[in-house]
Amino acid sequence: MDFRQLGHSGLKVPALCFGTGTFGGSNEFFAAWGSTGVEEATRLVDICMEAGVNMFDTADVYSQGLSEEILGKAVKSRRHDVILATKASFRMEPGPNGLGNSRFHLIRACEASLRRLGTDYIDLYQMHGFDAIAPVEETLNSLDTLVRSGKVRYVGCSNFSGWHLMKSLSISERYGWARYVAHQAYYSLVGRDYEWELMPLGVDQKVGALVWSPLGWGRLTGKIRRDHPLPEVSRLHKTAAIGPQVENEYLYRVVDVLDEIAKETGKTVPQISLNWLLQRPTVSSVIIGARNEEQLRQNLGAAGWNLSAEQVAKLDAVSAVPAPYPYWHQRGAAVERNPLSTP
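Residues numbered from 1 in each chain as written. Predicted model: local features only at pLDDT ≥ 70, side-chain atom pairs only at ≥ 80, totals over all residues. Heavy atoms only, no water.

Asker: Explain the pattern of salt bridges residue by residue, including any values.
Answerer: Per the counting criterion, the structure on display carries 17 salt bridges. Close ionic contact of Arg 116 with Glu 68 constitutes a salt bridge, the shortest N to O distance being 2.6 Å. Placement of the pair is Arg 116 in helix 4 (residues 103-117) and Glu 68 in helix 3 (residues 66-74), with a sequence separation of 48 residues. In this structure, the salt-bridge partner of Asp 123 is Arg 79, at a minimum N-O distance of 3.0 Å. (Salt bridge = Lys/Arg side-chain N within 4 Å of Asp/Glu carboxyl O. Helix = DSSP H or I, 4+ residues; strand = E, 2+ residues; numbered from the N terminus.)

Following this line, the structure appears as structure tokens:
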């Protein structure tokens with residue numbers, strides 16, 4: 001397993017990270033992802049460790065804390081051999097202070113995550129979303145306090161806009177506080193919005209990307225293509241409306257090319273989709289999920305090899321979409337001054 005530097009930090013993380021949103025399944029939304037219990041979770045962790053994947057990502061809101069509890073039990077005997085990442089921001093308690101990135105909520109949320117995970121430190125603590133009410137200074141000072149206390153090693157964010165992240169980095173630099181070293185963001189062959197603003201920012205500011213839902217919210221599993229109905233077992237039945245929207249014809253064109261490359265390489269559609277991401281700028285780790293051992297082993301097969309330059313170019317071309325403003329203007333003006341631009 002390839003290990004990569006996580007943004008502007010000294011931490012090395014595996015190219016693939018195991019996401020545990022499938023652990024628990026305590027409500028309808030998360031049950032659509034999976035309902036893995038402790039015994040099966042321990043087996044999946046075993047398989048990951050054997051493959052060199054020692055990083056595991058969760059969040060307090062995943063199955064209302066149950067994912068953290070199950071993950072904590074699954075890694076209990078090898079806590080110091082793994083990198084644990086979790087997130088906070090969303091509602092976990094009733095009342096006006098039961099969510100957000102205020103000092104009040106974050107300190108309580110971190111201590112609750114530590115209890116559920118059964119550990120005294122979190123390797124990567126991430127803001128699950130931007131809080132437009134809490135002062136950014138308050139959020140970052142609270143995170144710096146958690147780092148200095150030893151409860152948190154590194155801090156990151158998730159689902160931020162470019163200005164959210166840049167403002168946060170500037171404030172951390174101004175006061176000498178712990179800075180975000182990672183941005184957990186949605187990015188896939190059929191969801192390339194990350195490239196417009198967040199990728200150039202990541203390159204410039206050395207913020208590593210942790211990619212979530214790399215198979216396009218379950219659309220790049222190889223089971224969806226032209227003239228094929230949605231599989232009976234798919235989270236899209238219950239979650240498609242609230243996730244990233246993808247036009248069917250666009251998806252089918254991308255899958256057509258993935259099928260061509262699958263024949264050339266002997267790899268699966270998910271493996272090719274994940275490998276494409278592993279070759280993108282700023283990507284430190286791609287978060288893979290799995291309902292079972294078979295899915296996990298298939299996704300682990302995305303690492304240890306590389307698509308050819310020609311194959312990457314084919315995927316780039318078929319998945320390209322028109323650039324929104326101001327990016328279409330920037331691409332056409334002084335393109336030689338922007339290393340991430342394409343004419």
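Asker: Describe helix 6 (residues 162-175), and please don't skip the residues or the numbers.
Answerer: Residue pairs three or four apart in sequence face the same way in an α-helix, which turns once every 3.6 residues. Here helix 6 is 14 residues long and its end C-alpha atoms lie 20 Å apart, about the 20 Å a rise of 1.5 Å per residue gives. Next to the buried residues of helix 6 lie helix 5 (136-149), strand 7 (152-158), strand 8 (180-186) and helix 7 (198-205). Taken from the residues just after helix 6, Gly 176 is the one with a positive phi, measuring 70 degrees. (Expected span 1.5 Å × (residues − 1). Contact = heavy atoms within 4.5 Å.)

Asker: Break down the environment of Gly 129 for me, with residues and values.
Answerer: If you trace the backbone, Gly 129 turns up in the loop between strand 6 (122-127) and helix 5. Look at Gly 129 and you get buried, because its relative accessible area is 9%. Residues Gly 129 and Ser 285 lie 156 residues apart in sequence; the distance between their C-alpha atoms is 19 Å. Contacts of Gly 129, omitting those with residues within four sequence positions, involve Ser 89, Asn 101, Ser 158 and Phe 160. (Buried < 20%, exposed > 50% of the residue type's maximum accessible area, 1.4 Å probe, protein only.)

Asker: Please set out the sheet that holds strand 10 (residues 283-288) residue by residue, giving values where relevant.
Answerer: The strand order around the closed barrel built from eight strands is 3-4-5-6-7-8-9-10, with neighbouring strands paired in parallel fashion. Strand-to-strand twist of the sheet, defined as the mean angle between neighbouring strand axes without regard to direction, takes the value 30 degrees. Pairing of strand 4 (residues 55-57) with strand 5 (residues 83-88) involves three bridges; the strand directions are parallel. Considered in strand 5, the bridge of Phe 56 is made with Leu 84. With respect to the sheet, helix 4 is in contact with strand 5, strand 6 and strand 7, its orientation differing from that of strand 6 by roughly 140 degrees. (Pairing = 2+ DSSP bridges. Axes fitted to C-alpha atoms, helices over the stretch in contact; angles between N-to-C directions.)

Asker: An account of empty space enclosed by the protein is requested, with residue identities and associated values reported.
Answerer: A complete count under the given rule lists two cavities of 30 Å³ or more for this structure. In this structure, the largest cavity spans a volume of roughly 60 Å³. Considering the residues around the largest cavity, the lining is formed by Asn 101, Met 127, Phe 130, Asp 131, Ala 134, Val 136, Thr 139, Phe 160, Ser 168 and Tyr 180. Estimates place the volume of the second largest cavity at around 40 Å³. If you list the elements that add at least two residues to the lining of the second largest cavity, you get helix 7 and strand 9 (208-212). Considering every element that reaches the lining of the second largest cavity, the biggest residue donor is helix 7, with three residues. (1 Å grid on protein atoms, 1.4 Å probe; cavity = no way out; pocket = protein on both sides within 12 Å on 5 of 7 lines; lining within 4 Å. Points joined across faces, edges and corners; volume = space filled by probe spheres on them.)

Asker: Can you tell me about the environment of Gly 19, naming the residues and giving the values?
Answerer: Relative to the assigned elements, Gly 19 resides in strand 3 (residues 16-19). Sequence spacing of Gly 19 and Gly 95 is 76 residues, and the spatial spacing of their C-alpha atoms is 29 Å. When sequence neighbours within four positions are dropped, the list of residues in contact with Gly 19 reads Asp 57, Ile 287, Ile 288 and Gly 289.

Asker: Tell me about the packing of aromatic side chains, residues and numbers included.
Answerer: Applying the stated rule across the entire model yields 13 aromatic pairs. On the numbers, 5.3 Å between centres and 50 degrees between planes, the contact of Tyr 186 with Trp 212 is tilted. Highlighted residues: Tyr 186 in strand 8 and Trp 212 in strand 9, separated in sequence by 26 residues. Plain terms: the ring middles of Trp 212 and Trp 217 are 6.2 Å apart, the flat faces sit at 70 degrees to each other, and that makes the pair edge-to-face. The class of Trp 217 is buried, set by a relative accessible area of 6%. One aromatic cluster in this structure is built from Phe 130, Phe 160, Trp 163 and Tyr 180. Cation over ring: Arg 79 sits above Tyr 121, and NZ or CZ is 4.0 Å from the ring centre. Positioned above the aromatic ring of Tyr 121, the side-chain terminus of Arg 153 is 4.0 Å from the ring centre. (Phe/Tyr/Trp six-rings, centres within 6.5 Å; stacked < 30°, edge-to-face > 60°. Lys NZ or Arg CZ within 6 Å of the ring centre and 35° of its normal.)

Asker: With reference to specific residues and values, describe the packing of helix 2 (residues 38-50) against helix 3.
Answerer: Where helix 2 contacts helix 3, the axes come no closer than 9 Å and their chain directions differ by 60 degrees. In terms of orientation, helix 2 lies oblique with respect to helix 3. Classified by chirality, the crossing of helix 3 by helix 2 is right-handed. Across the interface between the two elements, Val 38, Ala 41, Thr 42 and Val 45 from helix 2 touch Ile 70, Lys 73 and Ala 74 from helix 3. (Parallel < 35°, antiparallel > 145°, perpendicular 65-115°, else oblique. Left-handed = near helix turned anticlockwise from the far one by under 90°.)

Asker: Go over the packing of helix 9 (residues 248-265) against helix 12 (residues 309-319), please, and point to the residues and values.
Answerer: Put simply, helix 9 and helix 12 touch, their axes get as near as 9 Å, and they point 170 degrees apart. The pairing of helix 9 with helix 12 is recorded here as roughly antiparallel in orientation. On the side of helix 9, the interface is formed by Tyr 250, Arg 253, Val 254, Val 257, Leu 258, Ile 261, Glu 264 and Thr 265, while helix 12 contributes Gln 311, Lys 314, Leu 315, Val 318 and Ser 319. Each residue belonging to the contact of helix 9 with helix 12 can be placed in one class, and the counts come to seven nonpolar, three polar and three charged. (Nonpolar A, V, L, I, M, F, W, Y, C, P; charged D, E, K, R; others polar.)

Asker: I'd like a rundown of the nonpolar core, residues and numbers included.
Answerer: Counting residues in hydrophobic clusters, the biggest one holds 83 residues, and the most contacted among them are Phe 18, Tyr 125, Leu 143, Tyr 180, Leu 296 and Leu 315. It is helix 9 that provides the largest number of residues to this core, a total of nine residues. Core analysis: the next-biggest nonpolar cluster, separate from the first, contains twelve residues, Leu 11, Ile 83, Leu 210 and Ile 287 among them. (Core = buried A, V, L, I, M, F, W, Y, C linked by side-chain atoms within 4.5 Å.)

Nothing here speaks to function; it is geometry throughout.
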